[in-house]
Amino acid sequence: MTGALPITAAIARRGEPFRLEACVLGAPGPGEVRVRILACGICHTDLAARDHDLGTPLPAVLGHEGVGIIEVLGPDVSEFAIGDTVLMSFGSCGQCSKCRNGAPGYCKSAGLSFRGTRADGSSPVALNGQTITGHFFAQSSFATHAVASVNNMVRLAPDLPPALMAPLACGVQTGMASVLIALAAGREDSIAIFGCGTVGLAAVMAARIVGCHTIVAIDIQDSRLELARELGATQVINSSREATGKVLRSLGGVTRAFDCTGVPEVIQTAFNALQSQGVLVCAGVSKPGSQVSIDLGTLMYGGRVIRGTIEGDAVPREFIPRMIGWYRAGLLPLEKLVTPYAFNDINQAVSDMLAARIVKPVLIMSEH
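1. Description of the nonpolar core
With 54 residues, the main nonpolar core has Met165, Leu168, Val172, Met176, Met323 and Leu332 as its most contacted residues. Among the elements that make up this core, the one with the highest residue count is helix α6 (residues 198-210) (seven residues). If we ignore the near neighbours within four places in the chain, the residues touching methionine 165 are Val67, Leu87, Leu156, Leu160, Ile324, Tyr327 and Leu334.

Put into structure tokens, the structure is as follows:
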């Protein structure tokens, strides 16, 4: 590889823990930069990709919530400079009709994120002399360095803490944008949020910011529900002990519902809790082939809506600065979600997240 750089990356293989290994990173191409990674959040999507639910070719370097410092510019990059601190969100081509019309999450080159390659099928990462998947979400930030696309890259002020900014790239963005954009929730709305991980808790904070009069958080972990209440939930339901549907019906149902679990039975409960003309948005990653049974009469005659979302329909370059503004104003206490881990503790971070001992693990690769 011309301009190659030795790096350390966390290699994902199906059914195995991540393993830090020596790799080689190629030079950035057009529309790309090389970034020294400071921090990267771990998301359930990374684990789904590792376990092959998303069809991402393995072995792979995953990671899609990277924050770092630009070290090398691609041949045609002029909007960023060497030394800029940047946050990297999901990949998109920037040229198709979806991207041009403010819907980069639905980019016609959808493989740019999950396939883990550039549009031409190439990858900038090699392991033991063989090219592997190394452009996941146009970045692959589970590494000391990454070659990333600038299309959905956002410049960060130097005083912003990388570990707290990393989740804005995906998890927090998805939760907040789903409430504010995909659901278009407002003061007149009551909302039920199913699942209180990073995405769900971000949704709670968004609902509080926008002023929803009723915010119901549902989870099976009391600690998560306590945090949800602290962040703005007006009512909480532990679905392992309470009949969620019955409780929501006793409240008169909700005008908005948001599912972060991807579990068909939970989605069914969320839909059934909608008032007439209510809207359910689903952002959880379901297993391939999962299905939900909807009563078409309830759907049609009640004017209800059920739809999916990618990243809450956000345009990162527009929405991430809004979230940073809320953070600076004290309305988005990201420190209550984030637990930092050293890069070589990646498997402990994953274990703690899956066991619900923590909410959002963020890997620390290097300091400024």
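Read on, since the account is not over.
2. Describing the sheet that holds strand β1 (residues 5-12)
Remark on secondary structure: sheet strands pair via backbone hydrogen bonds, oriented parallel or antiparallel. With antiparallel pairing, the five strands of this open sheet are ordered in space as β4-β1-β2-β7-β8. Single-partner strands in this sheet number two, and they are β4 (60-61) and β8 (130-132).

3. Concerning the pattern of salt bridges
All told, the structure shown has 15 salt bridges when counted by the stated rule. Taking the shortest distance from any N to any O, the salt bridge between glutamate 71 and arginine 36 comes out at 3.4 Å. Of this pair, glutamate 71 sits in strand β5 (residues 66-73) while arginine 36 is found in strand β3 (residues 32-41), placing the two residues 35 residues apart along the sequence. Residue classification places arginine 36 among the partly exposed residues on the basis of a relative accessible area of 22%. Among the salt bridges present, the one from lysine 336 reaches glutamate 230, with a minimum N-O distance of 2.7 Å. Remark: glutamate 230 occurs in helix α7 (residues 222-231) and lysine 336 occurs in the loop between α11 (316-328) and β17 (338-342); sequence separation between them is 106 residues. Residue classification places lysine 336 among the partly exposed positions, given a relative accessible area of 37%. Within the structure, one salt-bridge network assembled from shared partners comprises Arg13, Arg19 and Glu21.

4. Focus on the side chain of threonine 117
In this structure, threonine 117 sits in the loop between α3 (111-114) and β7 (125-127). Take threonine 117: its relative accessible area is 10%, and that puts it in the buried class. For threonine 117, the side chain forms a polar contact with the side chain of arginine 115, separated by 2.7 Å.

5. Some details on the pairing of strand β18 (residues 360-364)
Within β18, four of the five residues are buried, which leaves it mostly tucked inside the rest of the structure. In terms of strand pairing, β3 meets β18 through three bridges, oriented antiparallel. Bridge pairing in β18 places cysteine 40 opposite leucine 363. Bridging between β17 and β18 involves five bridges; their strand directions are parallel. Pairing of tyrosine 341 across the sheet is with leucine 363, part of β18. Crossover handedness for the path β17 to helix α12 (residues 346-354) to β18: right-handed.

6. Brief notes about the packing of helix α5 (residues 171-182) against α11
Taken N-terminus to C-terminus, the directions of α5 and α11 make an angle of 95°; their axes are 11 Å apart at the nearest point. Classed by the angle they form, the pair α5 and α11 counts as roughly perpendicular. Only Pro316, Phe319, Ile320, Arg322, Met323 and Trp326 of α11 make contact with α5, whose side of the interface consists of Val172, Gln173, Met176, Ala177, Leu180 and Ile181. Among the residues forming the contact of α5 with α11, the class breakdown is 10 nonpolar, one polar and one charged.

7. Here we look at α6
Because the α-helix completes a turn every 3.6 residues, residues three or four places apart line up on one side. Helix length check: α6, at 13 residues, gives a terminal C-alpha distance of 18 Å against a target of 18 Å (1.5 Å per residue), a fit within 8%. Elements that come into contact with the buried residues of α6 comprise α5, β11 (190-194), β12 (214-219), α7, β14 (254-259) and β18. Two residues or fewer after α6 comes glycine 211, characterised by a positive phi angle close to 90°.

8. Focus on the packing of α6 against α7
Remark: α6 packs on α7, axes separated minimally by 9 Å, with the N-to-C direction vectors making an angle of 20°. Taken together, the axes of α6 and α7 lie roughly parallel to each other. In this structure, α6 crosses over α7, and the sense of that crossing is right-handed. When α6 is examined against α7, the residues Leu201, Val204, Met205 and Arg208 are found in contact with a partner set consisting of Arg224, Leu227, Ala228, Glu230 and Leu231. Residues belonging to the contact of α6 with α7 are distributed by class as follows: six nonpolar, no polar and three charged.

9. Regarding the sheet that holds β12
Overall, parallel pairing links the six strands, which are arranged β13-β12-β11-β14-β15-β16 in an open sheet. Taken across any chain shown, the strands that pair with only one partner, and hence form the sheet edges, are β13 (235-238) and β16 (305-308). Between one strand axis and the next, the sheet turns through 15° on average, direction left out of account. Of the pairings in the sheet, the one linking β14 to strand β15 (residues 274-282) comprises five bridges and is parallel in character. Considered in β15, the bridge of aspartate 259 is made with cysteine 282. Packing against the sheet, α7 makes contact with β12 and β13, and its axis sits at approximately 170° to β13. Taken strand by strand, helix α9 (residues 264-272) contacts β11, β14, β15 and β16, and its axis lies near 150° from that of β15.

Analysis parameters
Residues numbered from 1 in each chain as written. Predicted model: local features only at pLDDT ≥ 70, side-chain atom pairs only at ≥ 80, totals over all residues. Heavy atoms only, no water. Core = buried A, V, L, I, M, F, W, Y, C linked by side-chain atoms within 4.5 Å. Buried < 20%, exposed > 50% of the residue type's maximum accessible area, 1.4 Å probe, protein only. Helix = DSSP H or I, 4+ residues; strand = E, 2+ residues; numbered from the N terminus. Contact = heavy atoms within 4.5 Å. Pairing = 2+ DSSP bridges. Salt bridge = Lys/Arg side-chain N within 4 Å of Asp/Glu carboxyl O. Polar contact = N/O pair within 3.5 Å; in protein donor to acceptor, adjacent residues only side chain to side chain. Right-handed = clockwise from strand over helix to strand, strands pointing away. Axes fitted to C-alpha atoms, helices over the stretch in contact; angles between N-to-C directions. Parallel < 35°, antiparallel > 145°, perpendicular 65-115°, else oblique. Nonpolar A, V, L, I, M, F, W, Y, C, P; charged D, E, K, R; others polar. Expected span 1.5 Å × (residues − 1). Left-handed = near helix turned anticlockwise from the far one by under 90°.

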